[in-house]
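# Inside the fold
Listed below are the residues making up each chain.
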Protein chains: 2
Amino acid sequence: MNMTNHEQRLLSRNIQPTAMRIRILSFMVENKSALGLPDLEETFTHADRTTLYRTLKTFLEHGLVHQINDASGITKYALCSENCTCSYPDDVHVHFYCTSCEQTFCFPHLGIPHYDLPENFIPSHGSFVITGSCPSCSS
Amino acid sequence: MNMTNHEQRLLSRNIQPTAMRIRILSFMVENKSALGLPDLEETFTHADRTTLYRTLKTFLEHGLVHQINDASGITKYALCSENCTCSYPDDVHVHFYCTSCEQTFCFPHLGIPHYDLPENFIPSHGSFVITGSCPSCSS
DNA sequence: TATGTTATGCAACTCAATTGCAAAGATCAG
DNA sequence: CTGATCTTTGCAATTGAGTTGCATAACATA
Ligand SMILES: [Mn+2]
Ligand SMILES: [Mn+2]
Ligand SMILES: [Zn+2]
Ligand SMILES: [Zn+2]
């Protein structure tokens, strides 16, 4: 649809908007849950795994997506909000991993509390994941 | 030392206290940080990887340890407190993953807040990990 | 001791993640 | 437009965590 929109979104993060990257960004925008490399492999069968891998890595390094470590053994990625800088704790929110369908969801409205960490523990990121059953799977 | 103590701890979780399991439990008690399978492999070079793997699995299934998914790509395990049932949210606490030494620490005194999840999301577990630099590494 | 159950060891395999290198494509100065 | 340069993509191979099937050893129990 409005590819120019996606191009600008990439450019705003200093990512060269190649055809491949626009297609992957588009897919992530349309998708409701976080995505892992295997998900992209299934969808973009024509593209090489390495390209998909490096695309996610580029997106992550430029702050277009954030990383989620759920219990699936697959590193998931989800789009950041427009003004997100992935800073701790303000831009960190809770995620939900469904053990049944193995999908991971962002809960951007659920922030994390401030923690007084023990002396000399310096935080920089956070991954807060609640595991359970999603609406589609909690019959 | 007091091996009988460890034996009782295993028995209280309905785990047969074999020599191997007592040795691994002992190692986990002495260790300050959470441990992954590769850590056990390095330490128990005489034992088979599968045995170590299944020991961790048994410990987990019987609630002797809890699981932590940090950004290391290695599933970590840490001992539960005596009366822990790993129930959400009461027995869930914050963890800290140091990207420098790749060690993961339990912060049992830092609990997690109650979250009002969206409709029909049923929680059962939680993995809350703050990433950064630990005292030894934040020079 | 005899018998059934559980734990351990060995070997093989799956799969996500990662790297080196070569080819293709884009960018830019002249 | 042309050639040099940089970036992106594709291909091939490897690493390493996790997992499984099956055989054997150790253990428990009668
Ligand atoms: Mn998210
Ligand atoms: Mn813990
Ligand atoms: Zn689900
Ligand atoms: Zn450290």
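Here's a quick rundown of the structure. (Residues numbered from 1 in each chain as written. Chains lettered and ligands numbered in written order. Predicted model: local features only at pLDDT ≥ 70, side-chain atom pairs only at ≥ 80, totals over all residues. Heavy atoms only, no water.)

### Topic: the coordination of the zinc ion (ligand 4)
Residue and element names in this part refer to chain B.
- Coordination of the zinc ion (ligand 4) by the protein involves Cys-98 (SG), Cys-101 (SG), Cys-134 (SG) and Cys-137 (SG), with metal-donor separations of 2.2 to 2.4 Å.
- Each of the four donor atoms bound to the zinc ion (ligand 4) contributes to angles spanning 105 to 115 degrees, and the resulting shape is tetrahedral.
- Mapped onto the polypeptide sequence, the residues donating to the zinc ion (ligand 4) form the spacing pattern C-x2-C-x32-C-x2-C.
- With a relative accessible area of 25%, Cys-137 lands in the partly exposed category. (Donors = N, O, S within 2.8 Å, 3.2 Å for Na, K, Ca; no water. Tetrahedral: all angles 85-135°; square planar, octahedral: opposite > 155°, others 65-115°. Buried < 20%, exposed > 50% of the residue type's maximum accessible area, 1.4 Å probe, protein only.)

### Points about the packing of helix H2 (residues 19-30) of chain B against helix H4 (residues 49-61) of chain B
All names here are of chain B.
- Relative to each other, H2 and H4 sit at 70 degrees, their axes nearing to 11 Å. The angle between H2 and H4 falls in the class roughly perpendicular. Residues Met-20, Arg-21, Ile-24, Leu-25 and Met-28 of H2 lie in contact with H4, whose contacting residues are Thr-51, Leu-52, Thr-55, Thr-58 and Phe-59.
- Grouping the constituent residues of the contact of H2 with H4 by class yields six nonpolar, three polar and one charged. (Axes fitted to C-alpha atoms, helices over the stretch in contact; angles between N-to-C directions. Helix = DSSP H or I, 4+ residues; strand = E, 2+ residues; numbered from the N terminus. Parallel < 35°, antiparallel > 145°, perpendicular 65-115°, else oblique. Contact = heavy atoms within 4.5 Å. Nonpolar A, V, L, I, M, F, W, Y, C, P; charged D, E, K, R; others polar.)

### Remarks on the nonpolar core
- One finds Phe96(A), Tyr115(A) and Tyr115(B) to be the most contacted residues of the largest nonpolar core, which totals 30 residues.
- In this structure, Tyr115(A) is in contact with Tyr88(A), Phe128(A), Val94(B), Leu110(B), Gly111(B), Ile112(B), Pro113(B) and Ile130(B), ignoring residues within four places of it in sequence. (Core = buried A, V, L, I, M, F, W, Y, C linked by side-chain atoms within 4.5 Å.)

### Some remarks on the protein's contact with DNA strand C
- Around DNA strand C, a shell composed of 19 residues is seen, among which Thr75(A), Thr18(B), Arg21(B), Thr51(B) and Arg54(B) lie nearest.
- A share of 64% is what sugar and phosphate atoms reach among the atoms of DNA strand C within 4 Å of the protein.
- In the model, a base nitrogen of DNA strand C is placed 3.3 Å from a nitrogen or oxygen of the Arg49(A) side chain.
- In this structure, Arg54(B) approaches DNA strand C through a side-chain N or O atom, which is 2.6 Å from a base oxygen. (Near = heavy atom within 4 Å. Polar contact = N/O pair within 3.5 Å; in protein donor to acceptor, adjacent residues only side chain to side chain.)

### Some points on the coordination of the manganese ion (ligand 1)
Residues and elements named next belong to chain A.
- The manganese ion (ligand 1) binds to the protein through His-66 (NE2), His-93 (NE2), His-95 (NE2) and Cys-106 (SG); the donor distances cover 2.0 to 2.2 Å.
- Counting residues between consecutive donors of the manganese ion (ligand 1) along the chain gives the motif H-x26-H-x1-H-x10-C. Separated by 13 residues along the polypeptide, His-93 in strand E4 (residues 93-98) and Cys-106 in strand E5 (residues 104-111) bring together distant segments of the chain.
- For Cys-106, a relative accessible area of 24% gives the class partly exposed.

### Examining the interface of chain B and chain A
- Contact residues are listed per partner, giving 35 residues for chain B and 35 residues for chain A.
- Counting the surface lost from both chain B and chain A, the interface buries some 2,600 Å², and carbon and sulfur atoms represent 68% of this.
- Ranking the residues of chain B by area buried against chain A places Tyr115(B), Phe121(B) and Ile130(B) at the top, with a combined share of 22%.
- Between the two partners, chain B and chain A, sit zero salt bridges.
- Of all the secondary structure elements, the ones that give two or more residues to the side of chain B that touches chain A are strand E4 (93-98), strand E5 (104-111) and strand E6 (122-133) of chain B.
- Here the side of chain B that touches chain A takes 12 residues from E6(B), the largest share from any one element.
- Of the residues belonging to the side of chain B that touches chain A, the class tally is 20 nonpolar, 12 polar and three charged. (Buried area = accessible area lost by both parts, 1.4 Å probe. Salt bridge = Lys/Arg side-chain N within 4 Å of Asp/Glu carboxyl O.)

### Examining the protein's contact with DNA strand D
- Among the 19 residues in the neighbourhood of DNA strand D, the closest are listed as Thr18(A), Thr51(A), Arg54(A), Tyr53(B) and Thr75(B).
- A share of 64% of the atoms of DNA strand D within 4 Å of the protein falls on sugar and phosphate groups.
- Residue Arg21(A) places a side-chain N or O atom 3.0 Å away from a phosphate oxygen belonging to DNA strand D.
- One of the backbone nitrogen or oxygen atoms of Asp48(A) is found 3.4 Å away from a phosphate oxygen of DNA strand D.
- Every element with two or more residues in the surface near DNA strand D is listed here: helix H2 (19-30) and helix H4 (49-61) of chain A together with helix H3 (37-43) and H4 of chain B.

In short, geometric facts, not functional conclusions.
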